[in-house]
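Residues per chain, in single letters:
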Amino acid sequence: MLLSSAVRWTAGGLAEAYLMDGSDDEALVMRGRPGLLPGVVPAIELTAVRKLFGPVVAVDGVDLVVNPGEVVAYLGPNGAGKTSTIDMVLGLSHPTSGQVSVFGMAPRHAVRAGLVSAVMQTGGLLKDLTVLETVQYVAALFSGPRPVGEVIERAGLAHITQRRVGKCSGGEQQRLRFALALLPDPGLLVLDEPTQGMDVEGRHEFWEAIRKDAGRGRTVVFATHYLEEADAYADRVVMVRRGRVVADGSPAQVRAMASGRVVRATWPGADTGALGALEGVSSVEVRGSTVLVRSDDTDSVARYLLNQTSARDLEITAQGLEEAFLALTADDPVGAGAGRAGAPS
Ligand SMILES: Nc1ncnc2c1ncn2[C@@H]1O[C@H](COP(=O)(O)OP(=O)(O)OP(=O)(O)O)[C@@H](O)[C@H]1O
Ligand SMILES: [Mg+2]
C-alpha cells in the first residue's frame, strides 16, 4: 500500500497533517500550531536553485527554507534575482536547475490549492468598480473564500468600501490587492515590492495591515528595497546579491554580520588608497568632501586621520542595516565608493 502525506493550513495558521493511502480516504493525523508540529513541511524550500535567462544568471544556487509563520524580507539591489525567485515560488516560471517546493508541493499545485497568494506591484484592478464590488467579484471566483467583510476589515478598507478604485490612492489600491490576496486565506503571502512609490504614511498603513494579519500565523515573504521596512516588519532578512544569498538572519544578526563601525570625517581630496590599506578597513567611500571608512578597528582609523592628515569633524558610529546592506552587497567592498552598485534605489 502506498502511503503519502500532506499538510493543509487553516485560518489562523493552524496546520493539519493528513495521511492518505491511495483510496479516497484520508486520515487527519495532527492538528496544531506549525511550530508545535514535528516535521511539518516548510512554507518554502529552495534547494540549489538556479535560473538562467540565456547568458544571464538571475539566480545562482540558492538554498533557502522559510518556515510557517515567518515574516521574511528578501532584500537586494536591482537585478539581484528577487523577482526571478518569487516568480518560481509562485509557479510562474521554473528553475533551470534545482528544486522549488511550497508546503511540500510543486508551486503550481500549492497556488491551485489556495495555499499561496501574491500581491504584485501593478495591474489587475478595474478603475470603475468600487472597493466593495472588486472584492465581491473576485470572491465569486473562489470556492469557499473568506467573507468579503472580513478581508475588507483586515486590509483596513472598511471606511472606503464605496469608493471607486480609480479614486483610491496608490496605498489604498495596494491594500485592496492585499484584501484580494486574503480571500483564499493563504498560508503563504508573497509580495514583490508592494509599497514601491508610496509615501511614508501609505507604507506605514500598508505594513500595519500586513503585520496585524501576520500575527495570526501566516507566512509572509516580501521583496523590498526599503531597508527600514525590512527592519521594522520582518523577523528575518535574507540579503541577495547577484543571485546568491549573502546574509540570512534576524535584522539584528544581519547588522552584526557587517561587523565593525564607521568613521566619518570631512577630508576634501581624501587619500582613499592610504585609508584602504589600513588594518581592518573593509571599505572606503567618498561623498563630496566627506569620507566614510568602515573598519573593525575604528580607533586606528581615527588616530591615522587626526595625526597624519588634515581630516576633521570625526564621528564614529555603529553600522546600521543600510551600512550592512551596502557592505554585504557591494561589488567592490574596498574602494572609493566603487561598490555602490549595491546601493538600493
Ligand atoms: N525574462 C528575462 N529575460 C532576460 N533576463 C531577465 C529576465 N528576467 C530577469 N532577467 C535578468 O535577471 C536578473 C535578475 O532580475 P530580477 O528581476 O530577478 O531582479 P530583482 O532582484 O527583482 O531586481 P529589482 O530590484 O530591479 O526588481 C537581471 O539581470 C535581469 O535583467
Ligand atoms: Mg524585482
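Just so you know, these numbers come straight off a predicted model, no measurement behind them.

**Considerations on the overall build of the protein chain**
Along the backbone of the protein chain there are 11 helices and 16 strands. By sequence separation, contacts in the protein chain at least 24 residues apart represent 64% of the contacts at least 6 residues apart.

**Looking at the pairing of strand β16 (residues 312-318)**
Taking burial as the measure, the seven residues of β16 include zero buried ones, a minor fraction of the element. Direction of pairing for strand β13 (residues 261-266) relative to β16: antiparallel, over a ladder of five bridges. Residue pairing for β16: V262 is matched across the bridge by T317.

**Regarding the site of ligand 1**
Around ligand 1 lies a shell formed by F53, V56, A58, G76, N78, G79, A80, G81, K82, T83 and S84. Those elements that provide at least two residues to the shell around ligand 1 are β5 (56-66) and α1 (82-89). With three residues, the single largest contributor to the shell around ligand 1 is α1. The residue inventory of the shell around ligand 1, partitioned by class, reads four nonpolar, six polar and one charged.

**As for the sheet that holds strand β4 (residues 44-53)**
What the three strands build is an open sheet, ordered β5-β4-β7; its pairing is antiparallel. For this open sheet the edge positions go to β5 and β7 (97-102), each flanked by a neighbour on one side alone. Ignoring strand direction, the axes of neighbouring strands in this sheet form an average angle of 25°. As defined by bridge partners, β4 adjoins β5 across eight bridges and the pair is classed as antiparallel. Bridge pairing links V49 to V62 in β5.

**Here we look at helix α3 (residues 131-139)**
Those residues of α3 lying buried are V131, T134, V135 and V138. All buried residues of α3 project into a common sector of 95° when viewed along the axis, lining one side. Close packing links the buried residues of α3 with α4 (148-154) and α5 (170-182).

**So, unusual backbone geometry**
Phi is positive for D185, close to 55°, though the residue is something other than glycine. Tracing the chain through its elements places D185 in the loop between α5 and β9 (188-192). Assessed through the 22 C-beta atoms surrounding it within 10 Å, D185 is described here as buried. We note that E193 has phi near 45°; this positive angle belongs to a residue other than glycine.

**Looking at the confidence of the model for the protein chain**
Summing up the model confidence of the protein chain, the mean pLDDT is 83 and the portion of residues at 70 or higher is 81%. Across residues 332-345, where pLDDT falls below 50, the model places 38 contacts with residues more than four positions away in sequence or in other chains.

**A few points about the nonpolar core**
As a rule of thumb, soluble globular proteins bury nonpolar side chains together. Among the nonpolar cores identified, the biggest contains 71 residues, and A179 and V190 are the most heavily contacted of them. Among the elements that line this core, the one with the most residues is α5, at six residues. Setting aside anything within four residues of it in sequence, one finds A179 in contact with V135, V151, I152, A155 and L157. Residues A265, W267, V284 and L305 belong to the second largest nonpolar core, which totals 14 residues.

What counts, and at which threshold
Counting of residues starts from 1 at the beginning of each chain's written sequence and follows it residue by residue. Following the order in which they are written, the chains are lettered starting with A and the ligands numbered starting with 1. Local features are withheld for residues below a pLDDT of 70 in this predicted model, meaning they are given only at 70 or higher, and side-chain atom pairs are given and counted only at 80 or more; totals for whole chains, interfaces and linings count all residues. Each helix is a run of DSSP H or I of at least 4 residues and each strand a run of E of at least 2, with the numbering of both proceeding from the N terminus. Residues are defined as contacting one another if the C-beta atoms placed from their backbone atoms lie within 7 Å. Residues with at least 20 other C-beta atoms within 10 Å of their own are called buried, those with 12 or fewer are called exposed, and the rest are partly exposed. The C-beta atoms themselves are positioned from the backbone. Strand pairing is assigned whenever DSSP identifies at least 2 bridges connecting the two strands. For each residue, a C-beta atom is placed from the backbone, and the residue is labelled near a molecule or strand when this atom is within 6 Å of it. Residue type decides the class: Asp, Glu, Lys and Arg count as charged, Ala, Val, Leu, Ile, Met, Phe, Trp, Tyr, Cys and Pro as nonpolar, and the leftover types, Gly among them, as polar. Lines are fitted to the C-alpha atoms to define the axes, a helix being fitted only along its stretch in contact, and any angle between axes, read from their N-to-C directions, falls within 0 to 180 degrees. To obtain the arc, one takes the directions from the helix axis to the C-beta atoms. Note: pLDDT gives the predictor's confidence per residue, expressed from 0 to 100. We call a set of buried Ala, Val, Leu, Ile, Met, Phe, Trp, Tyr and Cys residues a nonpolar core when their C-beta atoms link them within 7 Å.

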